[in-house]
Amino acid sequence: MQEKFNVIKQEAQEAIRKVSSLAELEEARVRFLGRKSKLASLSATFSGLEPSQRPEAGRLFNEVKVFIAGILEEKKKTFSFSKERIDITFPSKKTDTATKHPLSSVVRTMCHIFEAIGFEIQEGAEIEDEWYNFQALNIPLEHPSRDAFDTFYLDLPAQGKYKYLLRSHTSPSQIRLMKKRKPPLAFVVPGRVYRPDNVDASHSFMFHQVEGFAVDRDITFAHLKGTLLYFAKHMFLDEAKLRFRPHFFPFTEPSAEVDISCIICRGKGCSVCKRTGWLEILGCGMIHPNVLKACGIDSKKYQGFAFGMGVERIAMLKYGINDIRLFFENDLRFLRQFYEV
Ligand code: DAH
């Protein structure tokens, strides 16, 4: 009797090991535990046994039945596990989608606005030399106006008398483009600039600017005003007004600083505009003849306008951000608020 049970046990073990699908597993269950199984027919012979042998036979029967049911169950688990792994309808784990940095979104918006009125977008170089950053922009090496453009110098062997530096503004990209291309020219150049400033709520040693300029015959200050007003209306509010204040920049003449009517209080006066109703947003002017000359453009035939603005400042105004450091600290709680993919 013991022997017969052992044979059934072994047969079942081997057959179930080879099973490769749930359907086959069901067949094996019927074969080894069903009404017509060897185990069932063996139990039918118990009535012919000596009464004293019956309990032992019953115990063996149960043991084998439980054993086979156990290995069937184990095998089943391997199928349900692999089934789960290929269930493509199963909801996926939540993943973090990257979003654009607010400065990237603002630069992109600014570029789109200027592109729509015919400006071409270009990038300049972050490493310049003194000629591009100063000299060609009518800021002579020894001139005190250079103090206003304090600079990171690079530890590279100078070419001639002009040392290498990290550009302190995007204006040198005007020089590069004017030397390379012939008028008519209309470019907008976004990029990083560097100044050795102490970091605080409104200063950073690295920040972003957008430079723009146009050169052609008969370009006037009116073209500059029209361009900037178009920009202000699209970037901020359709009812935005601009105010041009006379100013000095070495590379433009005449030069102006431009204020926009406060976009928070709409010109009525609030704490952001310090009750003036105006916010300064950029510098601009008519390109100085010396700058055109440095680039080999005949200043008698051609005129141009130029402007430059800080991207952080525009972004801070647009979104009501009060600390420039927030842009650079990589705090996701801040960055996630600008949900643009
Ligand atoms: N480069 C100036 C700065 O960094 C900004 C600027 C002013 C750019 C007037 C211009 C301009 O093109 O015409 O402060």
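Residues numbered from 1 in each chain as written. Predicted model: local features only at pLDDT ≥ 70, side-chain atom pairs only at ≥ 80, totals over all residues. Heavy atoms only, no water.

A.B. asks: For this particular structure, what's the right way to read the sheet that holds strand β4 (residues 164–166)?
C.D. replies: Strand pairs in the sheet, formed through backbone hydrogen bonds, run parallel or antiparallel to each other. The strand order across the open sheet built from three strands is β2-β4-β3, with neighbouring strands paired in antiparallel fashion. A strand with exactly one partner marks an edge of an open sheet, and here the two such strands are β2 (127–129) and β3 (152–153). In the sheet, β3 pairs with β4 via two bridges, with the strands oriented antiparallel. Within β4, the residue paired with Tyr 153 across the bridge is Leu 165. (Pairing = 2+ DSSP bridges. Helix = DSSP H or I, 4+ residues; strand = E, 2+ residues; numbered from the N terminus.)

A.B. asks: So what exactly am I meant to see when it comes to the sheet that holds strand β7 (residues 242–249) here?
C.D. replies: Sheet architecture is open: seven strands sit in the order β1-β5-β6-β10-β9-β8-β7, paired in mixed fashion. The open sheet has two free edges, formed respectively by β1 (120–121) and β7, since each of these has just one partner strand. On the sheet, helix α7 (residues 172–180) packs against β5 (185–194), β6 (206–216), β9 (278–287) and β10 (303–310) and is oriented at approximately 40° with respect to β6. Strands β7, β8 (252–261), β9 and β10 of the sheet are contacted by helix α8 (residues 221–235), whose axis makes an angle of about 30° with β10. (Contact = heavy atoms within 4.5 Å. Axes fitted to C-alpha atoms, helices over the stretch in contact; angles between N-to-C directions.)

A.B. asks: Where do I start with the site of the ligand in this structure?
C.D. replies: Not every one of the 15 residues close to the ligand is listed here, only the nearest: His 169, Ser 171, Arg 195, Gln 209 and Glu 211. Taking Ser 171, its side chain carries an N or O atom lying 3.0 Å from a nitrogen atom of the ligand. Note that an oxygen atom of the ligand is positioned 3.0 Å from one of the side-chain N or O atoms of Gln 209. Contact with the protein chains hides 91% of the accessible area of the ligand, taken as 350 Å² for the molecule alone. According to the grid-proximity analysis, the pocket containing the ligand is the largest pocket. Breaking the shell around the ligand down by element, the ones donating at least two residues are β6, β9 and β10. Looking at the shell around the ligand residue by residue, the class counts come to five nonpolar, eight polar and two charged. (Near = heavy atom within 4 Å. Polar contact = N/O pair within 3.5 Å; in protein donor to acceptor, adjacent residues only side chain to side chain. Areas by Shrake-Rupley, 256 points an atom, 1.4 Å probe, with all protein chains shown as cover. 1 Å grid on protein atoms, 1.4 Å probe; cavity = no way out; pocket = protein on both sides within 12 Å on 5 of 7 lines; lining within 4 Å. Sits in = over half its atoms within 2 Å of the grid points. Nonpolar A, V, L, I, M, F, W, Y, C, P; charged D, E, K, R; others polar.)

A.B. asks: Whenever I open this one, the domain arrangement of the protein confuses me. Can you help?
C.D. replies: Put simply, an interface is often sized by how much accessible area is lost when its parts join up. Once the domains are mapped, the protein shows domain 1 (2–84) and domain 2 (102–338). When each unit is reduced to the centre of its C-alpha atoms, the spacing between domain 1 and domain 2 is 84 Å. (Domains from an automatic or database assignment.)

A.B. asks: Help me understand the packing of aromatic side chains, please; the structure alone is not making it clear to me.
C.D. replies: Note on aromatic pairs: each is described by the distance of the centres and the angle between the planes. Taken as a whole and judged by the stated rule, the model has 15 aromatic pairs. Judged by centre distance (5.6 Å) and plane angle (75°), the ring pair of Phe 114 and Phe 119 falls under edge-to-face. Accessibility expressed as a relative area gives 0% for Phe 114, which makes it buried. Looking at Phe 119, the relative accessible area reads 7%, which means it is buried. Through a chain of ring-to-ring contacts, three or more aromatic side chains come together here, namely Phe 114, Phe 119, Phe 231, Phe 305 and Phe 307. Over the face of the ring belonging to Phe 67 we find Lys 9, whose NZ or CZ atom lies 4.9 Å from the ring centre. (Phe/Tyr/Trp six-rings, centres within 6.5 Å; stacked < 30°, edge-to-face > 60°. Buried < 20%, exposed > 50% of the residue type's maximum accessible area, 1.4 Å probe, protein only. Lys NZ or Arg CZ within 6 Å of the ring centre and 35° of its normal.)

A.B. asks: In this structure, what is going on with the pattern of salt bridges? I would like to understand it.
C.D. replies: Side chains that differ in charge, positive against negative, can pair when their charged atoms come close. Summed over the entire model, instances satisfying the criterion amount to 15 salt bridges. For Lys 77, the salt bridge is made with Glu 74, and the minimal N-O distance between the two is 3.5 Å. Linking Lys 77 with Glu 74, this pair stays in helix α4 (residues 54–85), spanning three residues, or about one helical turn. Arg 245 is paired through a salt bridge with Glu 257; the nearest N and O atoms lie 3.0 Å apart. (Salt bridge = Lys/Arg side-chain N within 4 Å of Asp/Glu carboxyl O.)

A.B. asks: Got a minute to help me understand the pairing of β8 in this structure?
C.D. replies: As a general feature of sheets, a regular strand has side chains that alternate between the two faces. With respect to burial, β8 is a largely interior element, eight of its ten residues being buried. By the bridge criterion, seven bridges tie β7 to β8 in an arrangement that is antiparallel. Looking at β8, one finds that His 247 is bridged to Ser 255. Count of turn residues in the β7/β8 antiparallel hairpin: two residues.

A.B. asks: What is the right way to look at helix α1 (residues 2–18) in this model?
C.D. replies: Each turn of an α-helix holds 3.6 residues, which means side chains three or four residues apart point in the same direction. In a regular helix each residue adds 1.5 Å, so 17 residues correspond to 24 Å; α1 covers 25 Å between its end C-alpha atoms and thus fits that length. Every buried residue belonging to α1 is among Phe 5, Ile 8, Ala 12, Ala 15 and Ile 16, and all of these are buried. Burial along α1 is one-sided: seen end-on, the buried residues are contained in an arc of 105°. Looking at α1, the residues exposed on the side facing more than 90 degrees away from the buried face are Glu 3, Gln 10, Arg 17 and Lys 18. (Expected span 1.5 Å × (residues − 1). Arc of directions from axis to C-beta.)

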